[in-house]
Amino acid sequence: MGSNDLIILSLLLGCMAAYIPVGIALFFTAACGFLLFADMPVLLLVQTLFRSLDNFALVVVLFFILCGNIMTAGSIVARLIRVADVLVGWLPGGLGMAGVVACGLFGAISGSTVATVVAIGGFMIPALLEHGYDESYTVGLMATSPNLGVIIPPSIGMILYSMISNVSLEALFLTGFLPGLLIVLGICLYTGILYRRGGRVQKRQPSGSGEICAALKEGFWALMLPVIIFGGIFSGVFTANEAAVVACVYAFGVELFIHRSMNLVDLKQITVSSAVTSATLLIIVAGATCFGRYLTFENIPGRITEAVMLTVSSEWGFLLMMNLLLLLTGMFMDIISATLILGPVLIPMLPHFGVDPIHFGLILTVNLAIGYCTPPMGVSLFITGSIAGRGLLFVSRAVMPFLLIQLAVLLLITFVPGLIMWLPDLIR
């Protein structure tokens, strides 16, 4: 690494250490690189800034953000929790299992971990504590289970990875179902073993057919949303881009006209809030794209690839190194920023080690999802701690058993790629 590279890296890390917003830090660093070191006209930086936002794939992210906010403000979340509770709530630790299943269902609609933490955690943490569940278990469960929001499609992280790698978004989506299911089953198994003797946890009788039918009827319109999204995408009725718009229109129609849980004033507030979130995302995308263009001009990805190839000679060694790097990155950076910054650097290495870019997209997504609940900067830790009224140290200890489950699934999908690649191979 040359002196110029060290200066740019130090500048970027210094900006982040000074709590400058990530998007601004990336753009400022890229601008300094273009002005000081790159033998390229500054006009190219302006063109890159414009073209980074002139991307139709970003529409998917923006509409899924709006869809998630509509569901969080409406009654879809409560209905999904009710369905999950009648299905598994009677088992040992059943209410905890219901929380995991609800996170999976909500994640299959919203595509966001943060939205899942806020929506499901706000309901489930008080309910679990009220029913006698241990506080450490409750906090750990609700800090980590929302990771399913970006692992189970539609995932905002996967959408951005598809945008920068040009892989099929539909194929990438197909890789996320099995890991999500394995995490749900792993956490449910752990919960069942932990509460097999009950303890202080309140038990109830198995749900009768009438209760199940009533809950399914009540949650029918909410459950149909993922069916419409994935049914439409994989049947070819509409593309993944169009699915985001369809999901928004459907969620709005259900909440306004069927559930009647919101009005036009609420919709205005939700739209404004979603616009602010989307604008923040677009600033990060623009800054990361400019920074990536500078790295490309300086051939930094190529030089990193050469250095890695001198250190690592096998595919498994490379994947292990990538897992360690991504887990470390996830401790300090959110999935959007990390994907946009690391993606252009790491993707060029994949052909040298024979790694399928779709397989790597899933690995990257799961690693950075785990980062949401790893100290010191995991966003889910702070949100869950705020809901439960607990500090970072308590929450960090509480998540450890659940992180081990997710890390086990990560290792499985990393070193047994055939387990998850057979589904996307069907459509390629």
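Refer to the structure printed above.
What you see is a predicted model, and the numbers here were worked out from it, not measured in a lab.

Brief notes about the overall build of the protein
Consideration 1: Helix and strand counts for the protein come out as 25 helices and 0 strands.
Consideration 2: For the protein, whose C-alpha radius of gyration is 22 Å, the value lies close to the compact-globule estimate of 22 Å for 428 residues.
Consideration 3: Considering only C-alpha atoms, the protein reaches an extent of 70 × 45 × 45 Å along its principal axes.
Consideration 4: In the protein, buried positions account for 53% of the 428 residues.
Consideration 5: For the protein, the share of sequence-separated contacts (at least 6 apart) that also reach a separation of at least 24 residues comes to 79%.
Consideration 6: Counting only carbon and sulfur atoms, one obtains 69% of the accessible surface of the protein, whose full area is about 18100 Å².
Consideration 7: The distance from the centre of the 16 positive side-chain charges to the centre of the 19 negative ones in the protein is 12 Å.

Observations concerning the nonpolar core
Consideration 1: Ile120, Leu225, Phe318 and Phe360 are the most contacted members of the largest nonpolar core, which totals 137 residues.
Consideration 2: Beyond its immediate stretch of four places on either side in the chain, Phe360 contacts Tyr161, Met322, Leu326, Leu346, Leu350 and Val355.

A short note on the packing of helix α16 (residues 264–297) against helix α19 (residues 335–346)
What describes two packed helices is the angle between their axes and the distance between those same axes.
Consideration 1: Orientation of α16 relative to α19, taken along the N-to-C sense of each, is 20°, at an axis distance of 9 Å. As the angle between them shows, α16 and α19 are arranged roughly parallel. Two packed elements cross with a definite hand, and for α16 against α19 that hand is right-handed. Between α16 and α19, the contacting residues are Leu281, Ile284, Val285, Ala288, Phe291 and Leu295 on the first element and Ile336, Ser337, Leu340, Ile341 and Val345 on the second.

A short note on the side chain of Ser337
Consideration 1: For Ser337, the position within the fold is in helix α19.
Consideration 2: Apart from the residues within four sequence positions on either side, Ser337 is in contact with Val22 and Ile284.

Here is what the cut-offs are and how they apply
Residues numbered from 1 in each chain as written. Predicted model: local features only at pLDDT ≥ 70, side-chain atom pairs only at ≥ 80, totals over all residues. Heavy atoms only, no water. Helix = DSSP H or I, 4+ residues; strand = E, 2+ residues; numbered from the N terminus. Rg over C-alpha atoms; globule rule 2.2 N^0.38 Å. Buried < 20%, exposed > 50% of the residue type's maximum accessible area, 1.4 Å probe, protein only. Contact = heavy atoms within 4.5 Å. Areas by Shrake-Rupley, 256 points an atom, 1.4 Å probe, with all protein chains shown as cover. Lys, Arg positive; Asp, Glu negative; His and termini not counted. Charge placed at Lys NZ, Arg CZ, Asp CG, Glu CD. Core = buried A, V, L, I, M, F, W, Y, C linked by side-chain atoms within 4.5 Å. Axes fitted to C-alpha atoms, helices over the stretch in contact; angles between N-to-C directions. Parallel < 35°, antiparallel > 145°, perpendicular 65-115°, else oblique. Left-handed = near helix turned anticlockwise from the far one by under 90°.

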